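# Secondary and tertiary structure notes
Now for the letters of each chain:
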Amino acid sequence: MHKIQQLIKQINKTHKHLGELIAMNIIAAKAKKTILNVAPAGCGKSTATDTTYFLMKDRLRQGETLFADGKIEKAEKCFLKILEHDPQNKEVLNNLGVIAFQSQQIENAIDYFDKSLKLDPFYKDAVLNYTHLLKELKLLNEASPFLYKIMEKYPNDKELNQPSCSPQYLLS
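Residues numbered from 1 in each chain as written. Predicted model: local features only at pLDDT ≥ 70, side-chain atom pairs only at ≥ 80, totals over all residues. Heavy atoms only, no water.

This next bit is on the confidence of the model for the protein. Taken residue by residue, the protein gives an average pLDDT of 80. The fraction at 70 or more is 70%. For the protein, per-element mean pLDDT is lowest for strand 1 (residues 34-37), which scores 52, and highest for helix 5 (residues 90-102), which scores 97. (pLDDT = per-residue confidence, 0-100. Helix = DSSP H or I, 4+ residues; strand = E, 2+ residues; numbered from the N terminus.)

Have a look at this one:
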């Protein structure tokens, strides 16, 4: 009998079906693709989690730190790398929109914000950033539907209730 088969049999004696999960995780861990969460006997299910999500979150934080430190080009490269693996990441698209806006790449900024808001029209950061961009371009009428939607959805949001974020201020 193979070592992994022995391991499966031994573990399944005390944790039903956990042996298969551990065997799969041993194989996957060698490829560094999963995290195994083992629950004690009688305390619920053991699970295996894809680590890609955690790697992308770490890269996102790294990109945001680089951006905050003024390392804009490195931050942009970091965000673009994330997009290669997760083209539907609204946070990354928003961050790239901010970088493009600050670099006066207006068409790119609009494209990034638009993509972010197509994924989640209630994503507050993208709505506010897009609104500020459109205010600069004197095209706020295009942003007002997004702005009013998030104001309705988050009526008690402290950031949205700041005078600089109010529709009256932004749309004036």
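From this point on, the discussion continues.
This part is about helix 5. Here helix 5 is 13 residues long and its end C-alpha atoms lie 18 Å apart, about the 18 Å a rise of 1.5 Å per residue gives. Judged by how many residues are buried, helix 5 sits mostly within the fold: 10 of 13 residues are covered. Turning to helix 5, its buried residues are V92, L93, N94, N95, L96, G97, V98, I99, A100 and F101. Measuring from the backbone nitrogen of E91 back to the side-chain oxygen at the start of helix 5 gives 3.1 Å, which picks out N89 as the cap. (Expected span 1.5 Å × (residues − 1). Buried < 20%, exposed > 50% of the residue type's maximum accessible area, 1.4 Å probe, protein only. Polar contact = N/O pair within 3.5 Å; in protein donor to acceptor, adjacent residues only side chain to side chain.)

Attention now goes to the nonpolar core. In terms of nonpolar packing, the biggest core is built from 33 residues, with F79, V92 and Y130 touching the most fellow members. Residue assignment for this core shows that the elements contributing at least two residues are helix 3 (52-68), helix 4 (72-85), helix 5, helix 6 (106-119), helix 7 (124-136) and helix 8 (144-153). In terms of residues, this core owes the most to one element, helix 5, which gives 7 residues. Setting aside its immediate chain neighbours within four residues, V92 contacts L60, F79, I82 and L83. (Core = buried A, V, L, I, M, F, W, Y, C linked by side-chain atoms within 4.5 Å. Contact = heavy atoms within 4.5 Å.)

Geometrically, a packed helix pair is captured by the angle between its two axes and the distance between the axes. Contact pair helix 5 / helix 6: the axes reach a minimum separation of 8 Å and the direction vectors enclose 160 degrees. As the angle between them shows, helix 5 and helix 6 are arranged roughly antiparallel. By crossing handedness, the relation of helix 5 to helix 6 is classed as left-handed. On the side of helix 5, the interface is formed by K90, L93, N94, L96, G97, V98, A100 and F101, while helix 6 contributes I106, N108, A109, Y112, F113, K115, S116 and L119. Taken together, the residues of the contact of helix 5 with helix 6 break down into 10 nonpolar, 4 polar and 2 charged. (Axes fitted to C-alpha atoms, helices over the stretch in contact; angles between N-to-C directions. Parallel < 35°, antiparallel > 145°, perpendicular 65-115°, else oblique. Left-handed = near helix turned anticlockwise from the far one by under 90°. Nonpolar A, V, L, I, M, F, W, Y, C, P; charged D, E, K, R; others polar.)

With that settled, the discussion passes to the packing of aromatic side chains. This structure, assessed with the given rule, holds 1 aromatic pair. Ring plane angle 45 degrees and centroid distance 5.8 Å describe the contact between F113 and Y130, whose orientation is recorded as tilted. Of this pair, F113 sits in helix 6 while Y130 sits in helix 7, placing them 17 residues apart in sequence. Across this residue pair, the class does not change: F113 and Y130 are buried. For the cation-ring pair, K153 lies above F122, with the distance from its terminal atom to the ring centre recorded as 4.5 Å. (Phe/Tyr/Trp six-rings, centres within 6.5 Å; stacked < 30°, edge-to-face > 60°. Lys NZ or Arg CZ within 6 Å of the ring centre and 35° of its normal.)

A few words on helix 7. Between its first and last C-alpha atoms helix 7 spans 18 Å; for 13 residues at 1.5 Å apiece the expected length is 18 Å, and the two agree. Along helix 7, the positions that sit buried rather than exposed are K124, A126, V127, L128, Y130, T131, L133 and L134. Positive backbone phi, at 60 degrees, marks K138, one or two positions downstream of helix 7.

So, on to the pattern of salt bridges. What the rule picks out here adds up to 7 salt bridges. The partner of K118 in a salt bridge is D114, with the nearest N and O atoms 3.2 Å apart. A residue pair is termed a helical-turn pair when its members lie 3 or 4 positions apart in one helix, as K118 and D114 do in helix 6 at 4 residues. Overall, the relative accessible area of 24% leaves D114 in the partly exposed class. (Salt bridge = Lys/Arg side-chain N within 4 Å of Asp/Glu carboxyl O.)

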